[in-house]
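# Coordinate inspection notes
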Amino acid sequence: MSEGQVKKFMYVNRKAPHGTIYALESLEVVLIAAAFDQDVSLAFMDDGVYQLKKGFNTKGIEVKNFQPTYRALDDYDINKLYVEQEALEARGLTQEDMCVPVEVLTRAEIGKLMETQDIVLSF
Amino acid sequence: MAIEVNGKTYETDEEGYLTDINEWNEDVAKLLAEQENINMSEQHWEVINFLREYYNEFQIAPAVRVLTKAIGKKLGPEKGNSQYLYELFPYGPGKQACKIAGLPKPTGCI
Amino acid sequence: MLHIVNKSPLDRNALDTCLATAQGGALLLIEDGVYAATTGNSAVGKLKQAMGQMKVYALKPDLEARGMADRVLDGVNLVDYGGFVDLVTEHATCQSWL
């Protein structure tokens, strides 16, 4: 794609990591779509903030631990990760609990960012 | 599907990728390479080992673009370019090298 | 009876309905339901209140998978899959608040 066609993509993640397939599916779509060199940002809201909670150990539930893959996002030039402040607070979490560097924003701030996007993908 | 190495059977998917990454060993890699018409050199092993390390750390097979950049960082710019990697793996470093390394097909590789 | 909740308390109302319905017995939190048993979660108040009437359990492998095993609320009993089976067999009936 040529430079002029770069669009702003936002992936909105609102589901906890293992109870549904949304978190893993979103991550895979993000990695696949990274090949198109677009302007990508990831927003983690509501239970979606749990996706980044450090320290997954999935041996007991016998599913693949996909948390290390979030650390590869930087290799894919995806480094705009936004986490909802209200969601962290309602879950007793802080920025230090996140497994990758993130920017903490209020819901309203995420809402404003959302308005600036060309494409919003919901998970 | 399956392949046989030293009397042991290894399961593969319909495209020839090893089903269980943990079953991989160098002899399996050599046979998988043979099936791809690749004669494993030291340079080939370097890429294969790099891919396995990357998978261990991040739990994914990197896209070619990412692989190229990461190899450049680790092994030097003369190796971190697609020409070098395509010379080693003519049908695509992502596809062929991942297969030989026992990894799943790279995410985003169609 | 045994009540099982597998939904996050901040995403669905399964825990609310369960706690409003249950007449004692035991509550087992599994899958995304385990988040209700972690410190700092806004559902903690409800759970603490429930502990007065019922015994509360949470499945440890699900807490570990979510990186939450080190912040379990006091008074919550952790069980593994064997303990899960025991709970089911110890109770005559079982309701899963899906």
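A brief report on the enclosed structure follows. (Residues numbered from 1 in each chain as written. Chains lettered and ligands numbered in written order. Predicted model: local features only at pLDDT ≥ 70, side-chain atom pairs only at ≥ 80, totals over all residues.)

### Comments concerning the overall build of chain C
- Scanning chain C for helices and strands turns up 4 helices and 5 strands.
- Starting at the N terminus, the α and β elements of chain C follow one another as β-α-β-α-β-α-β-α-β.
- Relative to a compact globule of 98 residues, whose C-alpha radius of gyration would be 13 Å, chain C shows 12 Å and is just as compact.
- For the C-alpha atoms alone, the extent of chain C along its principal axes is close to 30 × 30 × 25 Å.
- A buried classification covers 44% of the 98 residues belonging to chain C.
- Summarising the internal contacts of chain C: among those between residues at least 6 apart in sequence, 66% fall at separations of at least 24. (Helix = DSSP H or I, 4+ residues; strand = E, 2+ residues; numbered from the N terminus. Rg over C-alpha atoms; globule rule 2.2 N^0.38 Å. Buried ≥ 20, exposed ≤ 12 C-beta atoms within 10 Å, placed from the backbone. Contact = placed C-beta atoms within 7 Å.)

### Re the overall build of chain B
- Helices and strands together make up the secondary structure of chain B, namely 5 helices and 2 strands.
- Secondary structure elements in chain B, listed N-terminal to C-terminal, are β-β-α-α-α-α-α.
- Relative to a compact globule of 110 residues, whose C-alpha radius of gyration would be 13 Å, chain B shows 13 Å and is just as compact.
- Considering only contacts within chain B whose residues lie at least 6 apart along the sequence, 51% involve residues at least 24 apart.

### Re the interface of chain B and chain A
- With 11 residues of chain B at the interface, the matching set in chain A holds 14 residues.
- Counting residues per element, the ones that place at least two in the side of chain B that touches chain A are helix H2 (42-58) and helix H3 (64-75) of chain B.
- Ranked by residue count, the leading element in the side of chain B that touches chain A is H3(B), at 3 residues.
- Here the side of chain B that touches chain A is built from residues that sort into 6 nonpolar, 3 polar and 2 charged. (Nonpolar A, V, L, I, M, F, W, Y, C, P; charged D, E, K, R; others polar.)

### Observations concerning the sheet that holds strand S2 (residues 26-29) of chain C
Residues and elements named next belong to chain C.
- Spatially, S4-S3-S2-S1-S5 is the arrangement adopted by the 5 strands of the open sheet, whose pairing is parallel. Where the open sheet ends on each side, the last strands, each with one partner, are strand S4 (77-79) and strand S5 (94-97). Strand after strand, the sheet turns through a mean of 25° between neighbouring axes, direction not considered.
- Both strand S1 (residues 2-5) and S5 contribute to a ladder of 4 bridges, which runs parallel. Residue pairing across strands places Val5 opposite Trp97, the latter belonging to S5. (Pairing = 2+ DSSP bridges. Axes fitted to C-alpha atoms, helices over the stretch in contact; angles between N-to-C directions.)

### With respect to the interface of chain C and chain A
- Counting from both sides, the interface comprises 19 residues of chain C and, opposite them, 19 residues of chain A.
- Taken together, the residues of the side of chain C that touches chain A sort by class into 5 nonpolar, 7 polar and 7 charged.

### A few points about the nonpolar core
- Grouped together as the largest cluster of nonpolar side chains are 83 residues, with contacts concentrated most on B:Leu51, C:Leu29 and C:Val34.
- Here the element with the most residues in this core is H2(B); it accounts for 5 residues.
- Residues contacting C:Leu29, with those up to four places away along its chain left out, are C:Val5, C:Val34, C:Ala36, C:Ala37, C:Tyr57, C:Ala58 and C:Leu59. (Core = buried A, V, L, I, M, F, W, Y, C linked by C-beta atoms within 7 Å.)

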